[in-house]
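Spelled out from the first residue to the last, the chains are:
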Amino acid sequence: MKHLNHLFAVFLLFGLLTKSSGAAEKPNVIYLMLDEWGYFESGHMGHPDLLTPNIDRFASEGMRFTNAYAGAPVCGPTRCVLLTGLHSGHTSVRVNDGFSPIRADEPTLASMLKENGYRTGGFGKWGIGGRGTSGIPEKHGFDEFFGYYDQVHAHTYYPQYLIRNSREVPLKGNKSETFYDGETHAQDEIFRESMEFIRKNKDEPFFCYLPWTPPHGLWGIDEDDPSWQLFKDKPWTAGQRTDRDARVYAAFMHMVDSQIGKILSLLKELNIDDNTVFFLSGDNGGQDYFKTEDHPHGFFGPNLNPKTGERFRAGKGSLYEGGLKVPYLVRWPHKIKAGSISDHMLSFQDVMPTLAKMTAATCPETDGISFLPTLLGQSGQQQHPYLYWEYRKQQAVRMNQWKSYRSGNGKWELYDLSKDIEEKHNVAKEYPKVLQKLIALAKDAHEPARVGQVFNRSLIQKDRRQAPHGR
């Protein structure tokens, strides 16, 4: 009997060690993406007005990338690049109408990790397949998705309902005729569900995808929200209603910063912090909201360096730097060196191969390159020979320090970003051979889009009526 008890104890210990070893090989993954969060819109980047203590701490505990690029300059296409690992010359979603879907056969970050034993949840704004299309998240690897499917639906924080796995979840007290106020704030519900998913899956590897909508959208906030109390009386002048909108924008940044802090605290409480890699980024370049004579680059200057006065050219919707450069932070205690800064050039298509290497998952074919060596401080990091983007009638290519750009049928422009981060000086005439090489790369990188399918347009239209178009 003693022998059997001893044997049982040995097997139990072996099982625990195996589980522990497996957990170490399969870290939990959180990917949190804030909508239109600008490159300079945080305290650690020197912003004088926005309060982001938890994001600043996040940066001090992880790695900050100075050379990270969105997959596209707008919501839907950039999410498609992130989730499928393909650059925008190969993706199925290249328009930003809010509902256009990826194809039914396309793998995603979630399907890749689900096949590798991960629980998968998404909470926020989906944007690559409205209800009644081939692109719904629960058909693309997500065990659950809660939030907005159509990004137009996401323009208000007080919709009558949110969506869970294609089913409507009513939000108490919200009325169809109001977009700026109601009884139930959508971000509060999305945050609560985000936390619950982490709690529920603490004992197994999980992928928690958080494409949160703030600070983008129609700027509505509860009057008793603690973050609003910090900013509601700021003596800021941005013109008519935008006075309040600017204050709510600042409150939104503080609100999500507080929520990020609560996620970090939860990871420690559940004793899974050391085995959780946490990505935090914007989704595309910032937009110059609330411009005034005193703030010509936008009231909060998302693309304006407050220390040097240099400004990334243009903003959201453009393939100049201002539409593509995003804040990008990654935290993984004891794996990623705290307070490290990297100038490695990455783009959203790189996330899929990075997560595949990190979790020993089988990676689908992508246009990306894993940046795990950079995260772990290892040698041998492979570099992109070039990056390519297209949106509407724009095309852009980056190769080393060179960036080429064209709009419509206009002439190609060329910039040396090592000397001209503001893209003010077109040097196409000075370096014709460089430009011709980048033009050839652009031609090779483009292929016609193979789009997804719409099966039930009435569901799409119903969700879109929840909020106004135009943002």
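Anyway, here's the lowdown on the structure attached to this text. None of the values given here were measured: they were computed from a predicted structure.

**Focus on the sheet that holds strand β14 (residues 394-399)**
- The four strands lie next to each other as β13-β14-β15-β16, forming an open sheet whose pairing is antiparallel. Edge positions in the open sheet fall to β13 (387-391) and β16 (413-416), since each of these has one partner strand only. Pairs of neighbouring strands in the sheet enclose a mean axial angle of 15°, with direction left out of account.
- Where β13 meets β14, five bridges bridge the pair, whose relative direction is antiparallel. Counted as the bridge partner of Tyr388 is Val397 from β14.
- Against the sheet, helix α11 (residues 432-445) contacts β13, β14, β15 (402-407) and β16, and its axis sits at roughly 120° relative to β14.

**Thoughts on the pairing of strand β4 (residues 119-125)**
- Across the seven residues that make up β4, a large majority, six, are buried.
- With four bridges joining them, β4 and strand β8 (residues 206-212) adopt parallel strand pairing. When the bridges of β8 are listed, Thr120 appears paired with Phe207.
- Where β4 and strand β5 (residues 144-148) come together, five bridges link them in parallel fashion.

**Notes on the environment of Phe300**
- Position of Phe300 among the secondary structure elements: in the loop between β9 (276-282) and α8 (321-324).
- Each C-alpha atom of the pair Phe300 and Ala314 lies 15 Å from the other, and the pair is 14 residues apart in sequence.
- In this structure, Phe300 is in contact with Glu41, His47, Asp49, Leu50, Trp236, Ala246, Tyr249, Ala250 and Phe290, ignoring residues within four places of it in sequence.

**Regarding the nonpolar core**
- Counting residues in each nonpolar core, the largest one holds 55 residues, and the members touching the most others are Ile30, Leu32, Ile198, Trp212, Ile263, Phe290 and Phe300.
- Secondary-structure elements contributing two or more residues to this core are β1 (28-34), α2 (53-61), β5, α5 (186-200), β8, α6 (226-231), α7 (242-269) and β9.
- Of the residues forming this core, the biggest block, 14 residues, is contributed by α7.
- Within the second largest apolar cluster, 46 residues are counted, among which are Leu113, Ala361, Leu372 and Leu375.

The rules we used
Residues numbered from 1 in each chain as written. Predicted model: local features only at pLDDT ≥ 70, side-chain atom pairs only at ≥ 80, totals over all residues. Heavy atoms only, no water. Pairing = 2+ DSSP bridges. Helix = DSSP H or I, 4+ residues; strand = E, 2+ residues; numbered from the N terminus. Axes fitted to C-alpha atoms, helices over the stretch in contact; angles between N-to-C directions. Contact = heavy atoms within 4.5 Å. Buried < 20%, exposed > 50% of the residue type's maximum accessible area, 1.4 Å probe, protein only. Core = buried A, V, L, I, M, F, W, Y, C linked by side-chain atoms within 4.5 Å.

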